[in-house]
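# Summary of the model geometry
Residues per chain are reported as follows:
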Amino acid sequence: MKEIIPSRSLIELRSLTKSFKGKQVISQFNLKIKNGQFLAILGPSGCGKSTILRLIAGLEIADQGRIFLDGQDITTVPPSKRNVNIVFQNYALFPHMSVFENIAFGLKIKKQSSSVVSEKVENILEIMQIQKLKNRYPNKLSGGQQQRVAIARAMINQPKALLLDESLSALDYSLKKKMQKELKRLQRQSGITFIYVTHNQEEAFSMSDRILIMKEGRLEQYASPEEIYKNPKNLFVAKFVGEINILDATVVYRIEEKKARVNCEGLYYDISTKFPTYQGQKLKILLRPEDLKIKKIKKIKFENKQLIGFIRERIYKGMIVDTEIEIKNGKRIKVSEISSQLKGERNYLLNQKIEIKWKENSEIIFFDES
Ligand SMILES: Nc1ncnc2c1ncn2[C@@H]1O[C@H](COP(=O)(O)OP(=O)(O)OP(=O)(O)O)[C@@H](O)[C@H]1O
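Residues numbered from 1 in each chain as written. Predicted model: local features only at pLDDT ≥ 70, side-chain atom pairs only at ≥ 80, totals over all residues. Heavy atoms only, no water.

### Focus on the nonpolar core
Counting 36 residues, the largest nonpolar core has Ile103, Val121, Ile151, Leu162, Leu183 and Phe194 as its most contacted members. Of all elements in the fold, only α2 (99-109), α3 (114-127), α4 (143-155), β7 (161-165), α5 (173-190) and β8 (193-198) reach the threshold of two or more residues within this core. The element that contributes the greatest number of residues to this core is α4, accounting for six residues. Residue contacts for isoleucine 103: discarding those within four places in its chain leaves Val121, Ile124, Leu125, Ile130, Val149, Ala152, Arg153 and Ile156. By size, the runner-up hydrophobic cluster in this structure holds 30 residues, among which are Ile11, Leu13, Phe29 and Ile41. (Core = buried A, V, L, I, M, F, W, Y, C linked by side-chain atoms within 4.5 Å. Buried < 20%, exposed > 50% of the residue type's maximum accessible area, 1.4 Å probe, protein only. Helix = DSSP H or I, 4+ residues; strand = E, 2+ residues; numbered from the N terminus. Contact = heavy atoms within 4.5 Å.)

Structural data, given as structure tokens:
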């Protein structure tokens with residue numbers, strides 16, 4: 001197994017469309033996936049994530065559009081000839097076969113000699129750290145062990161891409177965390193492109209080089225985890241990844257084309273935008289809880305970015321302190337602060353009047369589309 005440097009497109013989806021019973025679930029879907037990447041497909045339930053995976057695997061056939069693997073048009077190629085493998089949520093191991101036989105299955109189908117089968121299976125057993133389980137049957141394996149066997153079985157033929165459909169969702173929290181790390185390691189070691197479907201954003205962020213956000217059969221954003229978090233393309237993406245406070249603002253007047261004074265929840269201040277603004281324009285100003293701080297009120301200054309509110313909840317979570325503040329219009333704002341950085345500022349009282357401040361340029365600003 002060697003390290004592959006991501007470069008060319010391994011998989012390309014061109015204008016894919018798919019309907020079930022007259023309902024379009026994938027619409028004009030375009031995507032290029034580079035070789036050797038770990039890609040997560042993230043989106044709410046029913047948005048079409050598994051359908052995309054099944055289309056790539058050949059388990060569903062697109063109504064329109066084309067699929068390319070390594071430059072070859074595989075749109076109508078049967079699943080067994082595609083050189084991609086899929087691992088399902090329920091692992092689907094053969095119950096009457098031992099771990100060794102389950103993993104060896106793909107090689108035996110290809111009529112490989114028993115010495116080659118044995119060598120390759122032993123190798124992958126070692127990589128997956130399941131050598132001791134090789135003679136066990138699936139009903140004598142834990143969820144995590146079954147998962148490893150399923151992945152080993154899917155990787156044995158060195159597919160060009162490994163497709164994982166919510167493969168960790170059946171595991172408990174600590175095992176899931178462990179397997180997330182292992183999957184990442186495995187992907188790096190093997191150089192195989194992994195496409196991982198999940199509706200768990202933490203999982204997507206912890207493992208992937210790239211994240212694809214889907215909504216109702218369409219691609220909303222496709223970028224690095226950092227880019228998606230810091231520069232979400234729209235309100236849907238911003239709300240879907242991590243917690244966020246959404247403030248309403250109106251442009252009071254335009255200072256420059258992309259600079260304006262706004263009234264944001266009763267607070268007047270100046271913002272820079274990526275788009276031209278006009279007087280009276282409605283905006284949404286988004287702030288991540290970790291970019292906010294609460295302070296005792298000293299002086300109310302017009303030019304300061306300060307919102308005034310009352311502490312309604314304060315929860316110590318060890319490393320983080322979460323505070324919920326009710327502002328003038330009843331809206332609740334969430335602030336997450338690192339406890340070790342709070343020093344003398346820990347002793348706020350419930351219902352205490354405080355101010356909320358935030359870092360320069362930490363706002364994400366959108367048009368108000370509502
Ligand atoms: N074989 C099928 N026949 C009919 N409808 C289907 C079929 N497969 C998927 N669908 C429908 O297509 C839509 C997309 O399903 P899909 O499984 O791709 O979504 P998903 O994003 O993976 O959802 P989840 O996160 O809940 O697994 C859903 O409305 C689903 O009910």
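### Looking at the site of the ligand
The full set close to the ligand counts 13 residues, and Ser45, Gly46, Lys49, Ser50 and Thr51 are the nearest of them. Serine 45 places a side-chain nitrogen or oxygen 2.5 Å from an oxygen atom of the ligand. Contact between the ligand and serine 50: an oxygen atom at 2.8 Å from a side-chain N or O atom of the residue. When the ligand sits alone it has 630 Å² of accessible area, and the protein chains cover 62% of it. Listing elements by their share of the shell around the ligand, those giving two or more residues are β2 (23-34) and α1 (49-57). Examining the composition of the shell around the ligand, we find that three residues originate from one element, α1, more than from any other. (Near = heavy atom within 4 Å. Polar contact = N/O pair within 3.5 Å; in protein donor to acceptor, adjacent residues only side chain to side chain. Areas by Shrake-Rupley, 256 points an atom, 1.4 Å probe, with all protein chains shown as cover.)

### Quick notes on the environment of threonine 198
By secondary structure assignment, the location of threonine 198 is in strand β8. Taking the relative accessible area as the measure of exposure, threonine 198 reaches 1% and is therefore buried. Separated by 30 residues in sequence, threonine 198 and leucine 168 place their C-alpha atoms 8.8 Å apart. Residues contacting threonine 198, with those up to four places away along its chain left out, are Ile41, Leu42, Gly43, Lys49, Glu166, Glu203 and Ala204.

### Some words on the UniProt feature "domain: ABC transporter" (unreviewed entry) in the protein chain
Annotation from UniProt places "domain: ABC transporter" (unreviewed entry) at residues 11-241. Regarding residues 11-241, the helix share stands at 36% and the strand share at 27%, and the terminal C-alpha atoms are separated by 25 Å. (UniProt positions renumbered as here; feature names shortened; annotations may be inferred.)

### Describing the pattern of salt bridges
Following the criterion strictly, the structure yields 24 salt bridges and no others. We note a salt bridge from lysine 160 to aspartate 70, for which the minimum N-O separation is 3.0 Å. Here lysine 160 is found in the loop between α4 and β7, whereas its partner aspartate 70 is found in the loop between β4 (64-69) and β5 (72-73), with 90 residues between them in sequence. The exposure class assigned to aspartate 70 is partly exposed, which follows from its relative accessible area of 28%. (Salt bridge = Lys/Arg side-chain N within 4 Å of Asp/Glu carboxyl O.)

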